[in-house]
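A look at the structure
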Amino acid sequence: MPSTTKASRFFNLVDQREYAFCQAINRSLRFRPVHGYFQLVSRLGDGWLWYALILAMPMIRPADGLALALLMVSTGLTCTVTYKLLKRWLIRERPFISFPSINCGTPPLDRYSFPSGHTLHAVCFTTMIALLAPGLFWLLLPFTLSVAASRVVLGLHYPSDVAAGALIGGCLGSLAVYGFAAPVWALFAT
């Protein structure tokens, strides 16, 4: 419990420092096209785009697409467990909860804010694609950047939530490719 109290104090301090930036970015929701775009990105970032990509991977890359799809599924599950445990342990309220002047642009999938699970998954999968199927990377990069931005624009996350999600996602994606799955990937890819 003491770590939760320390985390709460830390996040309260950081929240105050990030509040003005979050509020300024969140004001862009007043523009209907901005709101609609980031709501769509958020919805696709709920997993729908990644599910479609995973299912399409064997057709996109017949030689190694199935192996990449299976690696993405197992890594995606690891990402989900990681961010859910961190959110339960660190307990950081979302910006729109802590600061009523920040509007919630779309309903969140869960209660807490740190780290951004959408960003974590997006960066993880994009890192994996960059390392194993670089031709697809440039197609995914704009979406991944939009997912990261959407979290702050929609009032769901602080920039530090997004940065942490990106860092963790990049590490998990790299670890999946170069670490634990490398021997299995070598079997499937040949």
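Since the structure is predicted, the reported quantities are computational estimates derived from the model, not experimental observations. (Residues numbered from 1 in each chain as written. Predicted model: local features only at pLDDT ≥ 70, side-chain atom pairs only at ≥ 80, totals over all residues. Heavy atoms only, no water.)

**Re the overall build of the chain**
Just so we agree on the cut-off: In this text, helices come from DSSP runs of H or I with a minimum length of four residues, and strands from runs of E with a minimum of two, each type numbered from the N-terminal end. With C-alpha atoms as the basis for the radius of gyration, the globule rule is written as 2.2 Å multiplied by the number of residues raised to the power 0.38. Whether a residue is buried, partly exposed or exposed follows from its accessible area with a 1.4 Å probe, protein chains only, as a fraction of its type maximum: under 20%, in between, or over 50%, in that order. In this analysis, two residues are considered to be in contact whenever any of their non-hydrogen atoms come within 4.5 Å of each other. Here, Shrake-Rupley sampling with a 1.4 Å probe gives the accessible areas, and only protein chains in the shown set may cover a residue. All tallies of charge rest on Lys and Arg as positive and Asp and Glu as negative; His and the ends of each chain are not included. Where a charge lies is defined by one atom per residue type, namely NZ (Lys), CZ (Arg), CG (Asp) and CD (Glu).
When helices and strands are counted, the chain shows eight helices and zero strands. Listing each helix as α and each strand as β along the chain from the N terminus yields α-α-α-α-α-α-α-α. The C-alpha radius of gyration computed for the chain amounts to 17 Å, which stays within 12% of the reference 16 Å derived for 190 residues, consistent with globular compactness. When the backbone C-alpha atoms are referred to their principal axes, the chain occupies close to 55 × 45 × 20 Å. When the 190 residues of the chain are sorted by exposure, 47% land in the buried category. In the chain, of all internal contacts separated by at least 6 residues, the share reaching a separation of at least 24 is 80%. Total accessible area on the chain stands at roughly 9900 Å², and carbon and sulfur atoms take up 72% of it. Here the chain carries 15 positive and 7 negative side-chain charges, and the mean point of each set is 4 Å from the other.

**Things to note about the state of the cysteines**
Covalently bonding the sulfur atom of one cysteine to the sulfur atom of another cysteine gives a disulfide. What counts is decided by this rule: Disulfide: a pair of cysteine sulfur atoms within 2.5 Å of each other.
With the rule as written, the count across this model stands at zero disulfides. Here Cys124 is not disulfide-linked; the sulfur of Cys79 is the nearest cysteine sulfur, at 3.5 Å. Cys124 gets classed as buried once you look at its relative accessible area, which sits at 0%. Cys124 supplies the cysteine sulfur nearest to Cys171, a cysteine that is in no disulfide, at a spacing of 10 Å.

**Here we look at the pattern of salt bridges**
The test is simple: We define a salt bridge as a contact between a side-chain nitrogen of Lys or Arg and a carboxyl oxygen of Asp or Glu at a distance within 4 Å.
With the rule as written, the count across this model stands at five salt bridges. For Asp110, the salt bridge identified is with Lys87, shortest N-O distance 3.0 Å. With a gap of 23 residues between them, Asp110 in the loop between helix H4 (95-98) and helix H5 (117-132) and Lys87 in helix H3 (residues 65-90) connect regions that are remote in the sequence. Relative accessible area serves as the criterion here: at 21%, Asp110 is assigned to the partly exposed category. Residue Lys87 is classed as buried on the basis of its relative accessible area, which comes to 5%. In this structure, the salt-bridge partner of Asp110 is Arg94, at a minimum N-O distance of 2.5 Å.

**Quick word on the side chain of Arg151**
In plain terms, the rule: Each polar contact in these results corresponds to two N or O atoms within 3.5 Å; when the atoms are within protein, one needs to be able to donate a hydrogen and the other to accept it, and residues that are neighboring in sequence are counted only if both atoms are side-chain atoms.
Relative to the helices and strands, Arg151 is located in helix H6 (residues 134-153). Asp46 provides the closest opposite charge to the buried, salt-bridge-free Arg151, at an N-O distance of 5.6 Å. One polar contact links Arg151 to Ser42, side chain to side chain, over a distance of 2.8 Å. When near neighbours in sequence (up to four residues on either side) are disregarded, Arg151 contacts Ser42, Ser116, His118, Thr119, Leu156, His157 and Val162.

**Here's the deal with the layout of surface pockets**
To find leftover empty space, one rolls a probe the size of a water molecule over the atoms. Formally: A cavity, in this analysis, means grid points on a 1 Å lattice covering only the protein atoms where a 1.4 Å probe fits yet has no way out; a pocket is instead an open set bounded by protein on both sides within 12 Å along at least five of seven lines, and a residue lines either one if it has an atom within 4 Å of a point. Grid points are joined across faces, edges and corners, and a volume is the space filled by probe spheres set on the points. Following the grouping adopted for this structure description, the nonpolar residues are Ala, Val, Leu, Ile, Met, Phe, Trp, Tyr, Cys and Pro, the charged ones are Asp, Glu, Lys and Arg, and the polar ones are all others, Gly among them.
A volume near 360 Å³ is recorded for the largest pocket. When contributions to the lining of the largest pocket are tallied by element, the ones reaching two or more residues are helix H2 (32-60), H3 and H5. The element contributing the most residues to the lining of the largest pocket is H3, with eight residues. Looking at the lining of the largest pocket residue by residue, the classes come out as 10 nonpolar, eight polar and six charged.

**So, the environment of Leu53**
Looking at the secondary structure, you find Leu53 in helix H2. What makes Leu53 buried here is its relative accessible area of 12%. In the structure, Leu53 is positioned 19 residues away from Met72 in sequence and 9.6 Å away in space, judged by C-alpha atoms. The residues touching Leu53, leaving out its near neighbours within four places in the chain, are Ile60, Met72, Ile129 and Leu140.

**Side note on the packing of H2 against H3**
How two helices sit against one another is set out by the angle between their axes and by the gap between those axes. Spelled out, the test is: Axis lines are fitted through C-alpha atoms, for helices just across the contact stretch, and the angle between N-to-C directions can take any value from 0 to 180 degrees. Roughly parallel means an angle under 35 degrees; roughly antiparallel means over 145; roughly perpendicular covers 65 to 115; every other angle is labelled oblique. Should the near helix be turned anticlockwise from the far one by less than a right angle, the crossing is left-handed, and should it be turned clockwise, the crossing is right-handed.
The N-to-C vectors of H2 and H3 enclose an angle of 160 degrees; their axes lie 7 Å apart at closest approach. Considering the angle they form, H2 stands roughly antiparallel to H3. Considering only the axes of H2 and H3, their crossing is left-handed. Where H2 abuts H3, its residues Leu53, Ile54, Met57 and Pro58 lie against Gly65, Leu66, Leu68, Ala69, Met72 and Val73. Looking at the contact of H2 with H3 residue by residue, the classes come out as nine nonpolar, one polar and no charged.

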